Amino acid sequence: MDLAARVAAAMWAEDTASAGLGMRLVAVGEGTARLEMSVRDDMVNGHGIAHGGFVFSLADSAFAFACNSRNQVTVAQACDIVFVAPARRGDLLVAEAQERTTFGRNAIYDVTVTRGDAVIAEFRGRSRQLSGTILEEHS
């Protein structure tokens, strides 16, 4: 198993928030991640569409797995999202995270949330590496 997959497995084992929302980690690679989540009845707001906070959470989780994929503890320093189209009860949402650039201990990631071919949201996250690793590596 490659490093990104091992880091993701360790993070997933402790990620009760993402698991509790029904997210599934589909793929992870160096600087990338793909998660999916079905919009449940308890995720729909008074307009009958998915609450934006749940869409944001899916994108944020994909961002987290992508930016920690090199086994360096990394956190969000800022994020924003643009909601492009509504998601509805029963929709399967997919969040694809991709590293765009790194500079020093900082990086920028873009996450696209889709339903099939339709874009639901575009998320941009800025990350900051901290000291420490997720996995204890032995040489």
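Given the structure is predicted, the values throughout are model-derived calculations rather than measurements.

## Looking at the packing of aromatic side chains
Describing an aromatic ring pair means giving the distance of the ring centres and the angle of the ring planes.
Okay, step 1: If you walk through the whole model with that rule in mind, you get 4 aromatic pairs.
Okay, step 2: On the basis of an interplanar angle of 40 degrees and a centroid distance of 5.9 Å, the ring pair of Trp12 and Phe65 is categorised as tilted. Taken together, the residues Trp12 in helix α1 (residues 3-14) and Phe65 in helix α3 (residues 52-67) connect sequence positions 53 residues apart.
Okay, step 3: In this structure Trp12 comes out as partly exposed when scored by relative accessible area, which is 26%.
Okay, step 4: Among the aromatic residues, those joined into a ring-pair cluster are Phe56, Phe63, Tyr109 and Phe123.

## A few points about the pairing of strand β6 (residues 118-129)
Okay, step 1: Relative to β6, strand β3 (residues 74-83) runs antiparallel, the two sharing 9 bridges. The partner of Cys79 across the bridge, within β6, is Gly125.
Okay, step 2: Relative to β6, strand β5 (residues 106-115) runs antiparallel, the two sharing 10 bridges. Within the sheet, the bridge partner assigned to Asp110 lies in β6 and is Arg124.

## Examining the nonpolar core
Okay, step 1: If you look at the biggest cluster of nonpolar residues, it comprises 33 residues, and the most contacted ones within it are Val55, Leu58, Leu93, Val111 and Val113.
Okay, step 2: Taken together, the elements giving at least two residues each to this core come down to α1, β2 (32-38), α3, β4 (92-103), β5 and β6.
Okay, step 3: It is α3 that contributes the most residues to this core, 8 residues altogether.
Okay, step 4: The contact partners of Leu58, leaving out residues within four places of it in the chain, are Met23, Leu35, Glu36, Met37, Leu93, Val94, Ala95 and Val113.

Rules used throughout
Residue positions within a chain follow its written sequence, with the count starting from 1. It should be noted that, the model being predicted, local features are given only for residues of pLDDT at least 70 and side-chain atom pairs only at 80 or more, the latter also being counted only at that level, while totals for whole chains, interfaces and linings use all residues. Neither water nor hydrogens contribute to the side-chain values; these are computed over all heavy atoms in the structure. Stacked, edge-to-face and tilted labels apply to pairs of Phe, Tyr and Trp rings (six-membered ring for Trp) whose centres lie within 6.5 Å, assigned for plane angles under 30 degrees, over 60, and everything in between, in that order. In this text, helices come from DSSP runs of H or I with a minimum length of four residues, and strands from runs of E with a minimum of two, each type numbered from the N-terminal end. Buried means the residue's accessible area, taken with a 1.4 Å probe over protein chains only, is under 20% of the maximum for its type, while exposed means over 50%, and partly exposed covers the values in between. Between any two strands, pairing holds if DSSP finds at least two bridges. We define a nonpolar core as any set of buried Ala, Val, Leu, Ile, Met, Phe, Trp, Tyr and Cys residues linked to one another through side-chain atoms lying within 4.5 Å. Contacts are residue-level and defined by heavy atoms, with any inter-residue pair within 4.5 Å sufficient.

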